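Take a look at the letters that make up each chain.
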There are 4 protein chains.
Amino acid sequence: LGIGAHPSYPDLAGFGRRALAASPDEVRADVLYQIGALAAFCRARGVALRHVKPHGALYNEAQRDASTADAVCRAVRAFDPELWLLTIPGHALERAAHACGLRVAREGFADRGRRPDGTLVPRGEPGALLTRPEEAAAQALALARSGGFDSICVHSDTPGAAAILRAVREALEAGGVPVRPFGSQP
Amino acid sequence: LGIGAHPSYPDLAGFGRRALAASPDEVRADVLYQIGALAAFCRARGVALRHVKPHGALYNEAQRDASTADAVCRAVRAFDPELWLLTIPGHALERAAHACGLRVAREGFADRGRRPDGTLVPRGEPGALLTRPEEAAAQALALARSGGFDSICVHSDTPGAAAILRAVREALEAGGVPVRPFGSQP
Amino acid sequence: LGIGAHPSYPDLAGFGRRALAASPDEVRADVLYQIGALAAFCRARGVALRHVKPHGALYNEAQRDASTADAVCRAVRAFDPELWLLTIPGHALERAAHACGLRVAREGFADRGRRPDGTLVPRGEPGALLTRPEEAAAQALALARSGGFDSICVHSDTPGAAAILRAVREALEAGGVPVRPFGSQP
Amino acid sequence: LGIGAHPSYPDLAGFGRRALAASPDEVRADVLYQIGALAAFCRARGVALRHVKPHGALYNEAQRDASTADAVCRAVRAFDPELWLLTIPGHALERAAHACGLRVAREGFADRGRRPDGTLVPRGEPGALLTRPEEAAAQALALARSGGFDSICVHSDTPGAAAILRAVREALEAGGVPVRPFGSQP
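This report concerns the structure included in the present document. Fair warning: this is a prediction, and the values are worked out from it, not measured in the lab.

Conventions adopted
- Residues numbered from 1 in each chain as written.
- Chains lettered and ligands numbered in written order.
- Predicted model: local features only at pLDDT ≥ 70, side-chain atom pairs only at ≥ 80, totals over all residues.
- Heavy atoms only, no water.
- Helix = DSSP H or I, 4+ residues; strand = E, 2+ residues; numbered from the N terminus.
- Rg over C-alpha atoms; globule rule 2.2 N^0.38 Å.
- Buried < 20%, exposed > 50% of the residue type's maximum accessible area, 1.4 Å probe, protein only.
- Contact = heavy atoms within 4.5 Å.
- Areas by Shrake-Rupley, 256 points an atom, 1.4 Å probe, with all protein chains shown as cover.
- Pairing = 2+ DSSP bridges.
- Right-handed = clockwise from strand over helix to strand, strands pointing away.
- Least-squares fit on C-alpha atoms with pLDDT ≥ 70 in both.
- Buried area = accessible area lost by both parts, 1.4 Å probe.
- Salt bridge = Lys/Arg side-chain N within 4 Å of Asp/Glu carboxyl O.
- Nonpolar A, V, L, I, M, F, W, Y, C, P; charged D, E, K, R; others polar.
- Axes fitted to C-alpha atoms, helices over the stretch in contact; angles between N-to-C directions.
- Parallel < 35°, antiparallel > 145°, perpendicular 65-115°, else oblique.
- Left-handed = near helix turned anticlockwise from the far one by under 90°.
- Polar contact = N/O pair within 3.5 Å; in protein donor to acceptor, adjacent residues only side chain to side chain.

**Focus on the overall build of chain A**
Broken down by element type, chain A carries 6 helices and 5 strands. Each helix and strand of chain A, ordered N terminal to C terminal, gives the series β-α-β-α-α-β-α-β-α-β-α. Computed over C-alpha atoms, the radius of gyration of chain A comes to 16 Å, within 12% of the 16 Å expected from 2.2 N^0.38 for 186 residues, which places it in the range of a compact globule. Structurally, chain A occupies a C-alpha span of about 45 × 40 × 30 Å along its principal axes. Across the 186 residues that make up chain A, the buried fraction comes to 45%. Pairs at least 24 apart in sequence give 63% of the contacts found in chain A among residues at least 6 apart. For chain A, the computed accessible surface area is about 9100 Å², with 54% contributed by carbon and sulfur atoms.

And the structure:
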């Protein structure tokens with residue numbers, strides 16, 4: 001287990017899933033604020049905060065917009081340059097993280113359909129979600145074996161998420177892929 | 001200058017000035033959350049967070065209710081046992097802070113009228129606010145010389161606050177009372 | 001079916017279940033605001049708003065505090081003097097509603113344990129909730145037949161609420177008690 | 001005097017001045033909610049709600065995006081088809097209002113610099129704000145005499161707004177342009 005902050009735009013009514021035209025300074029402040037708040041609970045419990053992954057629309061904007069990506073990464077680095085940043089590989093957020101000198105964990109999705117070119121089938125289109133556990137598990141193992149991913153995401157609100165998680169973990173372990181937090185020793 | 005957190009009940013519409021029947025666990029969580037959020041900005045700037053003083057209704061409730069006072073102090077200690085806690089002397093919050101082993105700074109008010117027994121004239125009654133700078137300055141000096149206070153408060157929303165502050169500082173310095181953050185060396 | 005507003009203190013984080021030390025003017029404004037917002041959606045749908053029942057801590061405070069009760073009733077009357085007000089009989093809110101000239105619907109609880117004197121067993125004590133459908137149904141029928149109640153509440157967050165509701169309705173109809181909105185013709 | 005609702009995106013932290021990627025249904029609901037809440041206070045005071053003008057980023061989005069404009073207009077019409085809608089002429093919101101059958105009041109700005117083609121100098125650029133009262137007053141009179149505008153806006157947060165307002169009113173009256181609410185009789 002590794003604990004991570006999942007900061008979002010300040011959009012409670014929309015669960016952070018709607019893009020907000022916030023300036024880079026506003027994004028940096030919102031991310032810093034949310035990391036700090038969670039880190040206080042970690043500190044009170046004596047556990048470490050290990051990583052940051054932007055949530056919802058902020059994650060999407062940070063993949064496509066360089067100034068948003070940079071604002072997120074500057075917030076993470078200002079709080080703790082040892083934190084890992086999760087990102088989809090090949091987009092603006094990964095580039096910004098490398099430019100900031102952050103440790104990067106590349107994320108793949110067990111429960112999202114992929115197009116032949118590796119991009120995700122957009123939500124709302126047929127095949128966007130993989131809800132059959134064996135299908136998600138097979139995709140997770142393929143992502144892990146490809147060498148291109150350090151983290152496999154299963155969304156907690158995908159129908160049947162608990163069964164998918166169990167199948168993914170079993171498939172990874174059966175396939176010889178150890179499951180552990182980023183940066184921990186085998 | 002010393003930077004402090006000023007955590008309150010989650011009552012944005014009432015500016016934290018209305019008591020909320022929150023449980024001790026809720027108070028502890030709200031205080032921890034707010035200290036953590038501010039501390040993240042301090043960390044990003046490379047400056048220290050020095051003290052905590054509950055705001056508005058939370059300050060009042062923590063003076064009179066032992067379980068609220070205890071919840072505030074446990075949050076402060078869990079975040080950083082070296083932080084100073086500001087409190088009005090002689091009430092529940094001071095007792096809880098000593099019981100928690102926190103450093104205590106006793107607060108007096110330059111701009112609030114006092115009764116003969118030392119308690120404040122309630123807001124809304126005649127004499128509750130001292131708005132003449134020389135009057136506030138004289139009271140500040142008397143409080144400082146009494147030996148019973150470590151911190152003198154001037155409310156930023158008292159009419160003429162800037163002039164009062166200037167008069168208070170001049171009176172303290174002219175009276176031989178050094179002005180510096182809690183716990184700093186002379 | 002009758003549509004009613006369920007206004008509360010502005011305490012999103014606590015789901016309106018924590019008392020807030022709001023002034024009567026603040027309570028009146030919050031209730032008016034929330035009734036107005038819901039009424040706009042009724043108007044857009046072409047349906048009538050029929051009643052108001054304060055939610056959570058505001059309901060409790062309005063039962064015991066005359067000035068809160070009066071503030072709630074003045075808000076309801078100012079918006080529409082034809083609206084029904086729901087209240088537990090025998091407390092401050094019923095008295096305020098009569099003083100304001102509002103139509104009053106007296107509420108009983110199918111799913112809450114009652115003491116011999118008719119008051120509710122407080123939440124958190126044994127017997128506070130009646131979760132067996134037949135038990136709740138029997139209590140609902142007894143309340144309805146007593147002639148002291150116009151409305152029977154089943155809390156949507158009582159475990160098994162849907163089964164309780166079904167049992168209550170069947171018991172009322174089998175017992176010859178018609179189920180319909182306040183003030184509608186038989 | 002005429003009272004109007006000024007609904008915005010639910011962005012308290014940004015004072016409604018940041019665009020939010022809300023769906024048309026979300027925009028319609030937010031606008032309806034805010035009109036309803038204000039209308040409740042009008043009703044309690046016995047005064048009429050006369051018009052609606054979207055605030056900040058929602059106004060800007062409704063000028064350029066047809067589906068946002070349509071959502072705003074459907075909310076206004078659903079609440080009360082007699083309400084006036086304020087809009088900058090020549091953009092999506094005016095077209096949507098006409099399509100919805102709403103009464104339209106065309107708005108010009110006394111205190112904003114205009115380019116030769118009639119569009120506003122963007123905030124942040126030189127000449128965006130007219131802060132000299134006589135300059136704003138002259139522009140207001142020119143706008144009113146052009147026949148293209150029914151309403152002249154002076155922003156309450158433009159420096160010197162009160163003096164500008166006074167100058168604008170005097171110039172309009174001296175110029176023979178009566179100042180009164182939309183749709184009222186001379």
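Here the narrative resumes, following the displayed structure.
**Looking at the arrangement of the chains**
The closest approach of any C-alpha atom in chain A to one in chain C is 10 Å; the two make no contact. No part of chain B reaches chain D; the closest C-alpha pair between them is 10 Å apart.

**Observations regarding unusual backbone geometry**
Residues and elements named next belong to chain B. Its identity is not glycine, yet Phe15 carries a phi of approximately 50 degrees, on the positive side. With respect to the secondary-structure elements, Phe15 resides in the loop between β1 (3–5) and α1 (24–45). For Phe15, a relative accessible area of 54% corresponds to the exposed category.

**Thoughts on the pairing of strand β3 (residues 84–87) of chain B**
All names here are of chain B. Covered by surrounding structure in β3 are Trp84 and Leu86 together with Leu85 and Thr87, the residues of both alternating faces. Bridge count for strand β2 (residues 49–52) against β3 is 2 bridges, and the pairing is parallel. Each residue of the ladder has a partner; that of His51, found in β3, is Trp84. Crossover handedness for the path β3 to helix α4 (residues 92–100) to strand β4 (residues 103–109): right-handed.

**Focus on the relation of the copies chain B and chain A**
When chain B is fitted to chain A, the residual RMSD is 0.0 Å, and the transformation amounts to a turn of 180 degrees plus an axial shift of 0.0 Å. Such a combination of turn and shift is consistent with a two-fold rotation axis. Here 100% of the interface residues in chain B have copies in chain A that are interface residues too; the copies meet face to matching face.

**So, the interface of chain D and chain A**
Contacts between the two partners involve 8 residues from chain D and, on the opposite side, 8 residues from chain A. Interface area, chain D with chain A, both sides summed: about 740 Å², of which 56% is carbon and sulfur. It is D:Arg18, D:Leu20 and D:Ala21 that lose the most area in chain D upon contact with chain A, and together they represent 64% of the buried surface on that side. The tally of links between chain D and chain A comes to 2 salt bridges. For A:Arg18, the salt bridge is made with D:Glu26, and the minimal N-O distance between the two is 3.1 Å. Within the side of chain D that touches chain A, the residues separate by chemical class into 5 nonpolar, no polar and 3 charged.

**A few points about the packing of helix α5 (residues 133–146) of chain D against helix α6 (residues 161–174) of chain D**
Residue and element names in this part refer to chain D. Remark: α5 packs on α6, axes separated minimally by 8 Å, with the N-to-C direction vectors making an angle of 40 degrees. Here α5 is positioned oblique relative to α6, judged by the angle of their axes. The two elements α5 and α6 cross, and the hand of that crossing is right-handed. Contact residues: Pro133, Ala136, Ala137, Ala140, Leu141 and Ala144 in α5; Ala163, Ile164, Ala167, Val168, Ala171 and Leu172 in α6. Grouping the amino acids of the contact of α5 with α6 by side-chain chemistry returns 12 nonpolar, no polar and no charged.

**Structural notes on the interface of chain B and chain A**
At the interface, 13 residues of chain B touch 13 residues of chain A. When the buried area of chain B at its contact with chain A is split by residue, B:Tyr33, B:Phe41 and B:Arg43 rank highest and sum to 40% of it. At the junction of chain B with chain A, the criterion picks out 2 residue pairs in polar contact (both at pLDDT 80 or more). If you list the elements that add at least two residues to the side of chain B that touches chain A, you get α1 and α3 (66–79) of chain B. For the side of chain B that touches chain A, the element with the highest residue contribution is α1(B), accounting for 10 residues. Its residues assigned to classes, the side of chain B that touches chain A shows 9 nonpolar, 1 polar and 3 charged.

**So, the relation of the copies chain D and chain A**
For the match of chain D to chain A, the screw axis carries a shift of 0.0 Å, the RMSD comes to 0.0 Å, and the turn is 180 degrees. Mapped onto chain A, 100% of the interface residues of chain D are again interface residues, and the two copies thus contact each other with one and the same surface.

**Examining the sheet that holds strand β2 (residues 49–52) of chain A**
Residue and element names in this part refer to chain A. If you trace the 5 strands from one edge of the open sheet to the other, you get β1-β2-β3-β4-β5, paired in parallel fashion. Either end of the sheet is taken by a strand with one partner, and the two such strands are β1 (3–5) and β5 (151–153). Across the sheet, the mean angle from the axis of one strand to that of its neighbour is 35 degrees, orientation sign disregarded. Where strand β3 (residues 84–87) meets strand β4 (residues 103–109), 4 bridges bridge the pair, whose relative direction is parallel. Bridge assignment links Thr87 to a residue of β4, and that residue is Arg106. Contacting β3 and β4, helix α4 (residues 92–100) crosses the sheet at an angle of about 160 degrees to β3.

**What about the sheet that holds β3(B)?**
All names here are of chain B. The strand order across the open sheet formed by 5 strands is β1-β2-β3-β4-β5, and the pairing between neighbours is parallel. A strand with exactly one partner marks an edge of an open sheet, and here the two such strands are β1 and β5 (151–153). Here the strands of the sheet are splayed against their neighbours by 35 degrees on average, with no regard to which way each runs. Together, β3 and β4 form the strand contacts of α4, whose direction differs from that of β3 by roughly 160 degrees.

**Describing the pattern of salt bridges**
Residue and element names in this part refer to chain A. Summed over the entire model, instances satisfying the criterion amount to 48 salt bridges over all chains. Here Asp70 ties to Arg74 by a salt bridge, and the two come within 3.0 Å at their closest N and O atoms. Taken together, the positions of Asp70 and Arg74, both in helix α3 (residues 66–79) and 4 residues apart, correspond to about one turn of that helix. Given a relative accessible area of 24%, Arg74 falls into the partly exposed group.

**Some thoughts on the packing of helix α1 (residues 24–45) of chain A against α3(A)**
Relative placement of two packed helices is described by the angle separating their axes and the distance separating the axes. All names here are of chain A. Where α1 meets α3, the axes come as close as 8 Å, and the angle between the chain directions of the two elements is 35 degrees. For the crossing formed where α1 meets α3, the hand is right-handed. In this structure, α1 uses Pro24, Val27, Arg28, Val31, Leu32, Ile35, Gly36 and Ala39 to contact α3, whose residues at the interface are Ser67, Thr68, Ala71, Val72, Arg74, Ala75, Val76, Ala78 and Phe79. Here the contact of α1 with α3 is built from residues that sort into 12 nonpolar, 3 polar and 2 charged.

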